[in-house]
Amino acid sequence: MDRLSPLTIDHKLQSRQKLVRRRRSDKMIKTYVTIERRNADGVLLEKRKQESRSWLRHFFDLWYPLLSNTSLSDIHSVDNVSHIIAVGYNSGVLGVGSPAGACDTAVPINGVFYNADHGMFLSGGSFGIVVGTDDTPVTPQDNALVAKVAHGETSGQLLHGGTELYGMTFVDPDGSFNIRRYFTNVSGAEIDIAECGINSPANDGQWGQSRNGGIYCICRDVVSPAVAVADGEILSVVYTVAITV
Amino acid sequence: MDAKLKTKPSSKVIRPDEITSLLQKGEFGAMLDFTVTDKDGKVTRQESRKSESYVKQFLQILFITMASSVVTTHNIQDTANVTRNPIRDGNTFLTEAGSGNTSYGIMVGTDTTPVTIDDYSLVAPIAHGSGSGQVQYGGTAFGAPSADSTTSQLTITRNFANNSGALITVNEIALYCKAADANTIYYFMIIRDIISGGIDIPDGQTLTVNYRPQATI
């Protein structure tokens, strides 16, 4: 089958405020979210796959310093605090692999975990793949999941496993990898998951004062209808990032 | 039987506060803008299109970045077609090449070979200079991230001035970035586009290329 040509905008028409869509085209990068719910024995109870539509502006806020070697200021973290996003050398931005929820870690600086004077120490449950209970529609300016489920074993909480990256595959014209996290409900009651996303930390690059860094939501999706995770059940969320040439 | 496109041309009004995009809902991609201006700054050609192709190295370097990998075995092909294993460090994804630097940043070439996911470099990159077949590479500039109600983006820009004495046609455009292992910086192509029909840069004129990575909701 013939491949479709890229879309083009004719700027002569654009100057008359017209955007011309001449052809349909495949997406460059598609992201899928696969959600599975299993019982305590690992038996699959429910599986959903939906297209993620929601890479947020904060993805670009964190990517920009890596591309340009220029810091950005006044970027709001998940707790709506303004921060600097430092250049790549000492910021650790766009890292999403995380330890399990109860495990603290330091934001990597230059790819290395430094000591408390230099690292921004975080709970593993605060970044990586995250889930929540709110279904407010996504906007590019979202700073966070609206109602993130905390790591834990008490009411309204889920045990967070680590966020892992795996499964890099390429078969021309396609390529993909996966980002996955498991959540276990031992809270004693059902929890309805209506949103999921990806949080990434970023250090502000202030050596010796680097705990001023923040966590940023780079992707958010509404899960509709919500997935009801009963007490004792295990939820897995997998983001698959795929390119097609 | 030849396949026929059933999609009819359509148009919509662009609001002044709207980021120009041709991406579909939920797509992560890039727009590619190019403008040719004469020595007086008059625009002789201007066009925007959807960039075609992030290639294999983009996904591999994104993986390294997201995994904060300090040890990797992804065997990533650099622009010299040598397999490397870069780690996540301060060089990862850098594209801020200065004037005259043809190792990274936005690059231009003359070849028309279609893009494949395995492409690791431009097929026929144009050298920096004012000699025959050369263009003068400007420094790479950036536009900070922005967003409207549906689209987020940032902008990477570079100028290419033709003072070669003759017309030069650009048929391929790419974005190269840095990444390094523990000892050495290497260069990797992360986007490549073929421009059907090419972009003519007459002698004395300048081509400006924007890559605008975007995401839509």
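First, a word on scope: everything that follows refers to the structure included in this document.

Reading the values: rules and limits
- The residue count restarts for each chain, going from 1 along the sequence in the order it is written.
- Here the convention is simple: chains get letters from A, ligands get numbers from 1, in the order in which they are written.
- Residues qualify for local features only when their pLDDT is at least 70, as the model is predicted, and side-chain atom pairs are given and counted only at 80 or more; totals for whole chains, interfaces and linings, by contrast, use all residues.
- Criterion used throughout: strands pair if DSSP finds at least two bridges between them.
- Secondary structure elements follow DSSP: runs of H or I of four or more residues count as helices, runs of E of two or more count as strands, with numbering from the N terminus.
- Here exposure depends only on C-beta density: within 10 Å of a residue's C-beta, 20 or more other C-beta atoms make it buried, 12 or fewer make it exposed, and intermediate numbers make it partly exposed, the C-beta atoms being placed from the backbone.
- In this description, a residue-residue contact is defined by the distance between C-beta atoms placed from the backbone, which must lie within 7 Å.
- Buried Ala, Val, Leu, Ile, Met, Phe, Trp, Tyr and Cys residues whose C-beta atoms connect them within 7 Å together make up a nonpolar core.
- Fitted lines through C-alpha atoms give the axes, limited to the stretch in contact for helices. The angle between two N-to-C directions lies from 0 to 180 degrees.

Here we look at the pairing of strand 3 (residues 29-38) of chain A
Residue and element names in this part refer to chain A. As paired strands, strand 3 and strand 15 (residues 234-244) are joined by 10 bridges and run antiparallel to one another. Residue pairing in the sheet places Lys30 in a bridge with Ala242 of strand 15. Here eight bridges tie strand 3 to strand 4 (residues 44-52), and the two strands are oriented antiparallel to one another. The residue bridging Arg37 from the neighbouring strand is Glu46, located in strand 4.

Topic: the environment of Thr206 of chain B
Residues and elements named next belong to chain B. Along the chain, the position of Thr206 falls in strand 12 (residues 206-216). Classification of Thr206 as buried rests on a count of 20 C-beta atoms within 10 Å. Remark: the alpha-carbon pair of Thr206 and Ala161, spanning 45 residues in sequence, is separated by 4.2 Å. For Thr206, the residues in contact, after removing those within four places along its chain, are Thr37, Asn159, Phe160 and Ala161.

A short note on the nonpolar core
Residues Cys177, Phe188 and Ile190 of chain B are the most contacted members of the largest nonpolar core, which totals 110 residues. When residues no more than four places from it in sequence are discounted, the contact partners of Phe188 of chain B are Gln57, Ile61, Ile76, Asp78, Thr79, Tyr176, Cys177 and Ala179 of chain B.

Here we look at the sheet that holds strand 13 (residues 191-202) of chain A
Residues and elements named next belong to chain A. Across the sheet, three strands lie side by side as 9-13-14; this open sheet has antiparallel pairing. The open sheet has two free edges, formed respectively by strand 9 (128-132) and strand 14 (214-229), since each of these has just one partner strand. Adjacent strand axes in the sheet meet at a mean angle of 25° when their direction is disregarded. The pairing of strand 13 with strand 14 spans 11 bridges and is classified as antiparallel.

With respect to the sheet that holds strand 6 (residues 105-109) of chain B
Residues and elements named next belong to chain B. Spatial strand order, 6-10-11: three strands in an open sheet with antiparallel pairing. Where the open sheet ends on each side, the last strands, each with one partner, are strand 6 and strand 11 (185-201). If you compare each strand with its neighbour and ignore which way they point, the axes differ by 25° on average. One ladder, built from 12 bridges, connects strand 10 (residues 168-180) with strand 11; its direction is antiparallel. Each residue of the ladder has a partner; that of Val170, found in strand 11, is Ile199. Sheet strands touched by helix 1 (residues 56-67): strand 10 and strand 11. Its angle to strand 11, the strand with the most contacts, is close to 145°.

Considerations on unusual backbone geometry
Residue Pro173 of chain A is reached from Asp172 of chain A by a cis peptide bond, and omega for that bond is 15°. With respect to the helices and strands, the residue Pro173 of chain A is situated in the loop between strand 11 (164-171) and strand 12 (174-184). Backbone torsion omega between Ser224 of chain A and Pro225 of chain A reads -5°, so that peptide bond is classified as cis. Position of Pro225 of chain A relative to the elements: it lies in strand 14. The phi angle at Asn80 of chain A is positive, at roughly 60°, despite the residue not being glycine. By secondary structure assignment, the location of Asn80 of chain A is in the loop between strand 5 (72-76) and strand 6 (82-85). Residue Asn81 of chain B is not a glycine yet carries a positive backbone phi of 65°.

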